[in-house]
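Analysis of the macromolecular model
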Amino acid sequence: MAEAEAAGGVGFGADDEGRISPESAPASGRGGVDPVKALMHRHRELCERAVDPLEIAAGLEAYGVTDRTAARFRHRDVFSLAEEMYARVPRDAETPPERRPPPPAASGPGGGWAVLALLPGALCAAAVAGVRLTHGQPRLAVAAAGALAVALGLRVALRCGPLRAPLGTTSRNGTWTCWLIAYALLGDGLLAAGLAAGPEGPWPLATTPVLALALSCAPALWCAHLLSVRARRKLVASRGLADFADSVKPLLLGVFALYLCALVSLLAVCGKVLDEPAVSAGAVALGALLLLARLLTVHGFPHAPAVVLCTAALTETCALATVFASRLPGCSYLAVPVRTVTDAWGPGAVTALVCGIAALLLLGHATRTLTRASAHARPPGAT
């Protein structure tokens, strides 16, 4: 029924299951209703604003029209149906279709975002150096100023490149992302102190994960650009929705793996320079989670990232809360789950488990949603 409504709704014949059938839909050559014209009327706004048939095909897919539905309109696939719809859209005779402006491509390196992608890493490196060279009150001031500078630099970098999300879709994720990064900086030390005698003195800062994540902003932007450009090319070459999905899935997984390799390398280098534990599973899992959440948001699927990021942040909060609540009389049992995990794998296991599971959930969601044509019909961040 959903396919029938998306394909045209009222005015078409349907079988016993409510689906449109070629036999029951009136044909234009027999005095009946032209089914393609009725479909164009239903999706008139989509057809009028489209600058090429690919946008119509992606839009139809987003509305639930499949290759099977297109067959009921005497077309082999949605792409063929979209080509007819695009050709039949009335246009100003003075502006022929071939001269219509093509859809803007994803921002390239010449757009300036490639340079801005280095800004968060550079600011974070300066902040880490300032924190390590100062003590007492000046150290706190340097840390606060550095955190603010990195946040602003990250905002500028993400707003000017291929990870630019549509307006109004990032505010819900910003708080949870900040918490996850703050936990990567302070959480493991605070958790270990809570499980021991209690926090005494300043908590140790895990600067390696935060610095590596800031530096990985550049490879993340390049990977997002690669995904956008290659997927757009595959969209042009594909002749069916299933064909496009099959060709994009290896691309998505390859880009994701490429980013993870870059992140692991940065963790190793930062750990050696800062003389801290190098590669941690929690930092890798957090980087994977943040990249997948941003990619899904950029390509028009913000709900799942918001839910997963919120759940991950609240889970880490509960882990800390139960540890300190267990210090109350008669509440020692509250810390048993966290203590069991940390005794087996260390304090970093909490981040690794929470962010790892969250990243796997988003990866599974991404392989279903980011392989749709509708996810790549327009450049990332286009409104």
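Quick caveat: nothing in here was measured; it's all calculated off a predicted structure.

**Overview of the overall build of the protein**
- Secondary structure assignment for the protein yields 17 helices and zero strands.
- Sorting the 383 residues of the protein into buried and exposed places 46% on the buried side.
- Residue pairs at least 24 apart in sequence account for 75% of intrachain contacts in the protein once pairs closer than 6 positions are excluded.

**Observations concerning the packing of helix H13 (residues 241-274) against helix H17 (residues 348-369)**
- Interhelical geometry of H13 versus H17 gives an angle of 145 degrees and a closest axis separation of 9 Å. Between H13 and H17 lies a crossing whose hand is right-handed. Facing Lys249, Leu252, Leu253 and Phe256 of H13, the residues of H17 in contact are Leu363, Ala366 and Thr367.
- Residue composition of the contact of H13 with H17, grouped by class: five nonpolar, one polar and one charged.

**Regarding the side chain of glutamate 276**
- By the secondary structure assignment, glutamate 276 is in the loop between H13 and helix H14 (281-298).
- Looking at glutamate 276, its side chain comes within polar contact range of the side chain of threonine 208, at 2.8 Å.
- Among all residues touching glutamate 276, those that are not within four sequence positions of it are Arg132, Leu205, Ala206, Thr207, Thr208 and Gly271.

**Some points on helix H8 (residues 119-133)**
- Here H8 spans 21 Å end to end across 15 residues, near enough to the 21 Å set by a 1.5 Å rise per residue.
- Every buried residue of H8 is listed here: Pro120, Gly121, Cys124, Ala127, Val128, Gly130 and Val131.
- Structurally, H8 contributes buried residues whose contacts are with helix H7 (113-116), helix H9 (136-159), helix H11 (207-215), helix H12 (217-237) and H13.

**Considering the packing of aromatic side chains**
- Enumeration according to the criterion identifies two aromatic pairs in this entry.
- Where tryptophan 179 meets tyrosine 183, the ring centres are 6.5 Å apart and the plane angle is 55 degrees; that geometry is what we call tilted. Of this pair, tryptophan 179 and tyrosine 183 both sit in helix H10 (residues 171-195), four residues apart, roughly one helical turn.

**Section: unusual backbone geometry**
- A positive phi is found at aspartate 275, a non-glycine position, where the angle reads about 60 degrees.
- Within the fold, aspartate 275 resides in the loop between H13 and H14.

**Structural notes on the nonpolar core**
- Ranked by size, the top nonpolar core spans 71 residues in total, and within it Leu163, Leu180, Leu191, Leu289, Leu362 and Leu370 carry the most contacts.
- Excluding residues that lie within four positions of it along the chain, leucine 180 makes contacts with Leu286, Leu289, Leu309, Ala312, Ala313, Glu316 and Cys355.
- Counting residues in each nonpolar core, the second largest holds 24 residues, with Val65, Leu81, Ala82 and Ala373 among its members.

**A word on the environment of isoleucine 357**
- Relative to the helices and strands, isoleucine 357 resides in helix H17.
- According to the relative accessible area criterion, isoleucine 357 is exposed, its value standing at 53%.
- For the pair isoleucine 357 and leucine 289, spaced 68 residues apart in sequence, the C-alpha separation works out to 9.1 Å.

**Comments concerning the state of the cysteines**
- Under the definition given, this model contains zero disulfides.
- Cysteine cysteine 223 is unpaired, with the sulfur of cysteine 261 as its nearest cysteine sulfur at 9.4 Å.

**What about the side chain of threonine 342?**
- By the secondary structure assignment, threonine 342 is in helix H16 (residues 336-345).
- In contact with threonine 342, not counting residues within four places along its chain, are Leu191, Leu195, Pro347 and Val350.

**Considering the packing of H14 against helix H15 (residues 303-325)**
- Between H14 and H15, whose axes approach to 9 Å, the crossing angle comes to 155 degrees. Here H14 lies roughly antiparallel to H15, going by the angle between them. Crossing geometry of H14 relative to H15 is assigned as left-handed. For the pair H14 and H15, contact is made by Leu289, Leu290, Ala293, Leu296 and Thr297 and by Pro305, Val308, Leu309 and Ala312, respectively.

What counts and what doesn't
- Residues numbered from 1 in each chain as written.
- Predicted model: local features only at pLDDT ≥ 70, side-chain atom pairs only at ≥ 80, totals over all residues.
- Heavy atoms only, no water.
- Helix = DSSP H or I, 4+ residues; strand = E, 2+ residues; numbered from the N terminus.
- Buried < 20%, exposed > 50% of the residue type's maximum accessible area, 1.4 Å probe, protein only.
- Contact = heavy atoms within 4.5 Å.
- Axes fitted to C-alpha atoms, helices over the stretch in contact; angles between N-to-C directions.
- Left-handed = near helix turned anticlockwise from the far one by under 90°.
- Nonpolar A, V, L, I, M, F, W, Y, C, P; charged D, E, K, R; others polar.
- Polar contact = N/O pair within 3.5 Å; in protein donor to acceptor, adjacent residues only side chain to side chain.
- Expected span 1.5 Å × (residues − 1).
- Phe/Tyr/Trp six-rings, centres within 6.5 Å; stacked < 30°, edge-to-face > 60°.
- Core = buried A, V, L, I, M, F, W, Y, C linked by side-chain atoms within 4.5 Å.
- Disulfide = S-S within 2.5 Å.
- Parallel < 35°, antiparallel > 145°, perpendicular 65-115°, else oblique.

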